[in-house]
Structure formats: structure tokens, C-alpha cells
Amino acid sequence: MTVTDQSQNSTPTRRSSAATGRKKSSGRLMIFGFLSPTLLILIFMVAYPIISLISYSFYNFSALNPHEGYKWVGLDNYTYLLSDKALWQRFIFTGKFVFVCVSLQMVIGIFVGYQLQKKFKGRDVIFTLLMMPMMLSPVVVGFLWRYMLNSEWGVVNYLISSLGLEKVLWLSQATPALFAAAAADTWMWTPFIILLATAAFRGIPETIYEAAEVDGASPAYKFFRLTLPMSAPVLFIALILRLIDSFKQYDLFFALTGGGPGSSTETVSFAVAKTAFNYFYTGEASALAVILLFIIIGLSMILVRHLNKMGEKY
Amino acid sequence: MKNSIRLLSTTSVSVIAAVLLGTSAQAETELTFVWHAGTCADALVEIAKDYPDKSVKLVPALVPYGPEWHNKIASEFAIQGDGFDFAMWDSQSTAEFAGGGHAVKLNDIFASSELLSAELFPAASISQYGEYPDNSGNFYGLPMNQDAYGMMYRRDLFEDPAEMAAFQEKYGRELAVPQTYQEAKEVAEFFTRPDEGLYGWGQMGGREYDFATTASNSFLWSFGGELYNPETYEVQGYLNSPASIDGVQAYVDMFNFAPPGSGSWGFDEVNAAFQQGQLAMAMQWFYFNGSNADPSVNKFAEGTAFGILPGAVGRDGMFRRQFSVGGQGMGINKYSKKLPELTAFMEWYFQPEQQKRYAAVCQTGLKAVLESDDWQGLNSYNAQFSTALQYLNDYWHLPQYPVLLDQLQEEISNAITGTKSVEEALTDAAKRHERTLERAGYEITRSDSTPEVPDQEITPVGTKEIIAVN
């Protein structure tokens, strides 16, 4: 009886588990079916190039002279690069550049964005005009600033000398060249911060400010204790995007300084492009690109984790 | 009904015409070329409009002068693409592109063509712009656009009686176009008057491409220096030899008489400063003389004269005058599928009739034109150009040219800004060059000693007397 009972009882269970299994597998199939085009594109467009890049980095070869062959060198490209003082100088310069221009962009962008959330006549026109530099190509911006910063007939030195100050050799000395590049990048990309900051600020409900007003909060209190914390996730996304973008800045330097004077304004990305497409040291350039890729991925992971925590908080 | 039939027939005719036109447009052969944008590329396009075979159309793919020009050609070669059919590249790039197997060997075309041959061009020119390896007799480029480093100066200032008297009083000799860099330094110093917005000398020093190197090499060679020993591949002891240091130091010193910040200048800035009347003398490629002689471009054009760069008396007492070769050879993309059409075009283009038109604005490499009586009178600087050709020097006909160039550019730029002394910069450049050559598989044979004046060992030039040319 027991056995019969068991069999009688187990049949529907088995049936239901088989049905659940079928459902699950067909569900998985459907998910896989929906995901497969995207996965295929990702594999083809992202995974394959990254795997190729990593594999190239272990060879010594030139894409321009493939007949010279592919020589397996293991980690030699990495040890050569990481022992090269010049590369470390490029990392240091890139770090300085990122720090200076992203700081300036965030401070100016948040300040201007805060002003633009207020209602006043002509606000939209000013907003549109402020967005214009962002729409230009970095190479165009580079050439534009190159002419503006010309030591002899550039408009910047003209203004400086009309104030009775001494002209600055913007592009032929290392430190002024750093600030010149940061100024050009800030001019171009601050509008991006303004755009996101304005959007974030306008998203804060008006009632919160009204309540703060009733409680007698000062404008500074409202800005630092309400506006900034409540728009922090969006501002943080802006910061992440600018950090990553500034870190791989190449075209602006290409047009503005050519990496000079000496190699004082060569960013790491500049070195990658030069090694890959001027020297055609394809293996070495791949290794350098892998190093850069891992730095950017690492930096992004830290910042995204922080962003997630911030999302939970607000 | 009549109207409908008329409309239908008109439409049909239009469709048939469009199809036929479309077919004929498809049959048109487009010959794409890469070059840097400028007067000479424009001249080529203009002349090509008169090519008798109207089914062939020349399509320019122009880029700014500089690394992107080289990189555009090199990238296409790297993918073995036919994005262009022919290109004009720097003489030094021939080694890189021909050595990589990407350029068509022209000897085969010479053998099959009745109109094209190496003999159409001066032997030195075709060798400079197209031979690889050196002295091999294998040609990969034709001298499309010859060029040389030259000098332009304000004749109105040099011939001003007040200036002449003041110079005589200060330096005890006549004010004249300098024959040596030692003289040039004095003349430049004399005309350097920042309060009046006038400077004695203008030259390139920019970090980009070959701006600083081609200028500084002209000094280095004239003082008896060399970049390396092509027999032993030694660089240390040659590039940083005492004579090389003398030359580059003289180049760096000339920035004292140039507008502040000119250490980052390219040719555009030199031209602009000269055209604005800021410079009494300037080093510049002959390529730009056409625009600098044009009153609509240069407001001092009438007072502008063109000359040959000075030489120098080296530490061995010898006078040498050597400066950088410029210009480009024309090479053919091995992956082009239009070689017969391109060969036919070249056969037409390298005829005296077309080359004379070209020579009116740019510098031809065709012997028949260069040797013709009227060529020197075609403009105000061809006569000097023909003299300049005998003082040309070239460098690194090696596939590693882009790397060597970039390294020297960086170090010369360091010397200009004062980040390093000239000696330190050249020593560092020499070490980096040897590392690059060794990495590429060259075996460096060390000599027991290296010469103080390397030119005495490597293709010696020079005279005991100063030879005046301007």
C-alpha cells in the first residue's frame, strides 16, 4: 500500500517537476534566444578585439611589416614598458592633467549649472550657447587654442599684455603647456558637466526647498546640504565619464602641442597612438593599450562601486 | 492622353539617360592620391584636369602636413588596402614603405614603358626620392616635388642705407646676406629689436613631425656633424660628437634672435611672422616661396628676396654648407588595382609640357625642364633653387625612420626649451637611437675612437674657403 501510495503520490510530483523543468529550460532557451544577438555582437565587437589585443601584446611584430614575422616575447613588452622611465613620466603627466582639468570642470560646471537652474530671462539662450564648445571636434579645439595661445599674436597674450603683464610662452614651456591643455579641455568639456548638473538640480522637487525656506535655511545650507547630496549620483556619473575621457585624451594634445615641448605633454594615450600608428611597433603598442585598459577598468570599477553605494544611500 | 504619353516618354528617356550616365560614371576610373594639402597638390589636380583620357579622374585625399600624412599612408599599407592608388611621401619614408613590400618597384614600369625611365630625372634626385636600398638601382618613387631648405630675407632692410651704416659701425663690415651661421648670428642680433616688433631670425622648432629636426640638421651638418655612421651603425660618438653639438648649439642659440615662443613653431608660424614683417630673415622651405612672393599673401613681398641657407666654418676650419632635402617622391600602392591607368597617367604627367606648368608654382624633378633655359626665369627663386640642389643632404634611409625621427625631435625640443643641455639631449638621443637600431636587428660595430668632426670620415664635404652663393 505504502508503495502504491508512494507511486500514486509521486506521479503528480514528478509530472509537475518535469513540467517545471521544461518550463525552466524553455524559459532559459527564450532568454538565451533573446540575448544571443546581443551576445554575439558583444563577442565580435568587444571580446574578440580585447582577446586579440592581449594576445598581440605577447608578440614582437609590426602590422606594417607582417612579412618580418611574429616573434613570441612573452612578457618582454610589459617589462620593457614598465621599466621605461619615459612611460612613467607620461602617466604622471596624464594624472596631473586629469586632476587639473576634471577639478576645474566639476567646480565651474556645478557652479554654472546651479545658476542655470534658476529662472531668468534668456536662460535657455545662454544654456544653448554654453553647450557649443562641446559640439566641436577635439582636433578643431586644439588648433583653435593653438592659435589663441600663440605667444606673439595669440589673443590670450594680447589680452595679458594689454593689462601690462608679461606675455606667457604657453606652448613652448612644460608647465604653461599643461595649463594651456587643461584650459582648452575645460573650455570644451565644462558644458557637459553643466548639462548634467542642471538636469540633476532641476530634478530636485521644489517642495524640499520650500520646506527648507520655512525652516530658515541659508542659501549655502540649501546648496551644500540639499542640492549637492540630492544630485550626487548624477554628478558622480559626470565625474566618472570625465575622468575616463580625460584619462584617454589624445586628439587635443595632437593638435595643440604635438606632445611637446620635448615629451612633456604626451599622455599615455598619445604614446599608445604614436607607438601603434607612427612607429608601427604593434606588439608594444598592444601591451601599452592593455595596461591602459586595465587602469581604466580598475578605476571605473572603484567609482561604479562607490556610485552604487551612493545610490543605496540616496 | 497625349500629355500622359508625352510624360511617359519623357520619363522613359530620362530614366534611360540616367542609367546610361550612371553606367558611364561607373566606367570612370578614379585615381586616388594621398598628399599633404597645399599649393603643389592643388597644381597637380589642376593640371590633371587637362588629361586627354576623360574617363580617368584624379581624386585627391589630402591631409595636413605632419604625422597624420605618414600615418594615413602607412595605415592603408598595413591593411594592404587600395584606398589610394599613389601617394607622395617623404624621401625618408621610401625605406619604410618599400622595405615593407608595399610600394611598386618602378624598374618594371621603366622596362615596359616607352615614355617613363629613370633617365628623365637627375640621378641624384631619383636616388634621393625613390631609391631603396641606397645605391641599389631599385626605384620606388619618382621626384614628384623637389624641395630644399632655403632662406628668405627682407631686401628692403638689407638695402636700407641707414641700416647699412649702422651695421658697418657696429660690426666693422658690410651688411650682407650671411654666408655662414657665424655671420647670420651677427646679422640676426643686429635686427633683433623687440620694442619695434622686429626680430632677426625665424626658424622652426616645433615638436611635431620633423619641424625641429630638419632645421637643426642643417646646422649640424654644416658644422661637420653627422647623425650616425652608416657603415658601423654607431650613433654614440657621431650624433653627440663635438661638431654635432657645435651645430645644434648654434641652432638653439638662434632662438635668442627669434620671437619669444618660436621654439614651438612650425612652418605656418614662420610664414605668418615673416608676412607680418616681424622677421628680417627666416629659414623656410622653397616650397613656400610661391606664397611668400605673392603680394596678396605677403604684404612685404616686394621687399622679400629668397636665398640659400648659410654654411658654417667648423672646428676643423673647414667651410661646409649642407641643408635638409625636402619634397616628396611619388610612389605607387602595390595593392592598387589600377596600375595600367596610373602608368598611362604618369606617362602623360611627366612630360615637359605638364611639368613646366607645375614648375611655375612648385619644384619639378624633370630633367628636361630643370635644364631648359627659361626654367630659372619662371619665378623669382628658381635660380637659387638650382644652386641649392647641390648642397642637399638626407638622413636615415632606414625603415626605422619614424622612430628615429620622433626620438630626435623630442631631444632637440628638450634642448630648445632648456630642459636639457644640447650635449645631454644629443647624448640621450644617440643612446635611444642605438637601442632602436639594435632592437631592429642592426649590429652595431664599435670603433676604438670616434672623430671630433664625423664629416671627415663620412662622405666628406667642405672647403678651406668660404664659398659665397647669395
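Residues numbered from 1 in each chain as written. Chains lettered and ligands numbered in written order. Predicted model: local features only at pLDDT ≥ 70, side-chain atom pairs only at ≥ 80, totals over all residues. Heavy atoms only, no water.

Draft legend 1. Just a nonpolar patch on the surface, in detail. A contiguous nonpolar surface patch, about 1,100 Å² in accessible area, is contributed by Ile31(A), Phe32(A), Leu35(A), Leu39(A), Ile41(A), Leu42(A), Ile43(A), Phe44(A), Met45(A), Val46(A) and Ile50(A). Following the sequence through the fold, Ile43(A) ends up in helix α1 (residues 2-56). (Patch = residues over 30% accessible without salt bridge, like charges linked within 9 Å, V, L, I, M, F, W, Y side chains within 5 Å. Areas by Shrake-Rupley, 256 points an atom, 1.4 Å probe, with all protein chains shown as cover. Salt bridge = Lys/Arg side-chain N within 4 Å of Asp/Glu carboxyl O. Helix = DSSP H or I, 4+ residues; strand = E, 2+ residues; numbered from the N terminus.)

Draft legend 2. Here's a closer look at the domain arrangement of chain B. Residue and element names in this part refer to chain B. For chain B, the assigned domains read domain 1 (2-147 + 327-393) and domain 2 (148-324 + 398-456). A straight line from the C-alpha centre of domain 1 to that of domain 2 covers 31 Å. Facing the 27 residues of domain 1 at the interface are 23 residues of domain 2. Taken together, both faces of the contact between domain 1 and domain 2 bury some 2,300 Å²; the carbon and sulfur share is 64%. (Domains from an automatic or database assignment. Contact = heavy atoms within 4.5 Å. Buried area = accessible area lost by both parts, 1.4 Å probe.)

Draft legend 3. Quick peek at the pairing of strand β1 (residues 29-36) of chain B. All names here are of chain B. The buried count for β1 comes to seven of eight residues, which makes it a mostly enclosed element. In the sheet, β1 pairs with strand β2 (residues 56-63) via eight bridges, with the strands oriented parallel. Note that in β2 the partner of Thr 32 across the bridge is Val 59. Taken together, the two bridges between β1 and strand β3 (residues 86-90) define a ladder with parallel strand orientation. (Buried < 20%, exposed > 50% of the residue type's maximum accessible area, 1.4 Å probe, protein only. Pairing = 2+ DSSP bridges.)

Draft legend 4. The arrangement of the pattern of salt bridges in detail. All chains considered together, the criterion is met by 35 salt bridges over all chains. In this structure, Glu410(B) and Arg90(A) form a salt bridge, with 3.7 Å as the shortest nitrogen-oxygen distance. Of the two residues, Glu410(B) sits in helix α18 (residues 401-417) while Arg90(A) sits in helix α3 (residues 85-116), which places them in two different chains. With a relative accessible area of 5%, Glu410(B) lands in the buried category. Residue Arg90(A) is classed as buried on the basis of its relative accessible area, which comes to 7%. For Asp156(B), the salt bridge is made with Arg154(B), and the minimal N-O distance between the two is 3.0 Å. Judged by its relative accessible area of 35%, Asp156(B) falls in the partly exposed class. Residue classification places Arg154(B) among the buried residues on the basis of a relative accessible area of 6%.

Draft legend 5. Structural view of the interface of chain B and chain A. Listed as interface residues are 40 residues of chain B and, on the opposing side, 34 residues of chain A. Of the roughly 2,900 Å² buried where chain B meets chain A, counting both sides, 48% is carbon and sulfur surface. Among the residues of chain B in contact with chain A, Arg207(B), Glu208(B) and Arg439(B) are the three that bury the most area, contributing 19% of the side total. On inspection of chain B and its partner chain A, the count reaches six salt bridges. Where chain B touches chain A, the interface holds twelve residue pairs in polar contact (both at pLDDT 80 or more). Among the secondary structure elements, those contributing two or more residues to the side of chain B that touches chain A are α3 (67-78), α4 (93-99), α12 (267-275), α18 and α19 (422-439) of chain B. Taken together, the residues of the side of chain B that touches chain A sort by class into 13 nonpolar, 17 polar and ten charged. (Polar contact = N/O pair within 3.5 Å; in protein donor to acceptor, adjacent residues only side chain to side chain. Nonpolar A, V, L, I, M, F, W, Y, C, P; charged D, E, K, R; others polar.)

Draft legend 6. Structural view of the domain arrangement of chain A. All names here are of chain A. When the domains of chain A are assigned, the result is domain 1 (2-56) and domain 2 (79-313). Using C-alpha coordinates to define each centre, domain 1 is positioned 45 Å away from domain 2. Taken together, the contacts link four residues of domain 1 with five residues of domain 2. Taking both sides of the interface into account, the surface hidden between domain 1 and domain 2 amounts to around 400 Å²; carbon and sulfur atoms contribute 84%. The three residues of domain 1 that bury the most area against domain 2 are Leu 53, Ile 54 and Tyr 56, which together make up 87% of that side's buried surface. Run the count over domain 1 and domain 2 and you get zero salt bridges. The tally of links from domain 1 across to domain 2 stands at zero residue pairs in polar contact (both at pLDDT 80 or more). Per-class residue counts for the side of domain 1 that touches domain 2 are four nonpolar, no polar and no charged.

Draft legend 7. Fine view of the nonpolar core. The biggest cluster of nonpolar side chains holds 146 residues, and the ones touching the most others in it are Trp35(B), Leu44(B), Trp201(B) and Phe350(B). Residue contributions to this core reach at least three from each of two domains, namely domain 1 (2-147 + 327-393) and domain 2 (148-324 + 398-456) of chain B. Sequence-distant contacts of Trp35(B), that is, excluding residues within four places in its chain, are made with Cys40(B), Ala41(B), Leu44(B), Ala61(B), Leu62(B), Val63(B), Trp69(B), Met88(B), Met144(B), Asn145(B), Gln328(B) and Tyr358(B). Counting residues in each nonpolar core, the second largest holds 59 residues, with Val100(A), Ile110(A), Ile240(A) and Ile296(A) among its members. (Core = buried A, V, L, I, M, F, W, Y, C linked by side-chain atoms within 4.5 Å.)

Draft legend 8. How the structure looks around the side chain of Asn217(B). Within the secondary structure, Asn217(B) sits in helix α10 (residues 211-222). Ignoring any residue separated from it by four or fewer positions in sequence, one finds Asn217(B) in contact with Leu227(B), Ser324(B), Tyr395(B) and Leu408(B).

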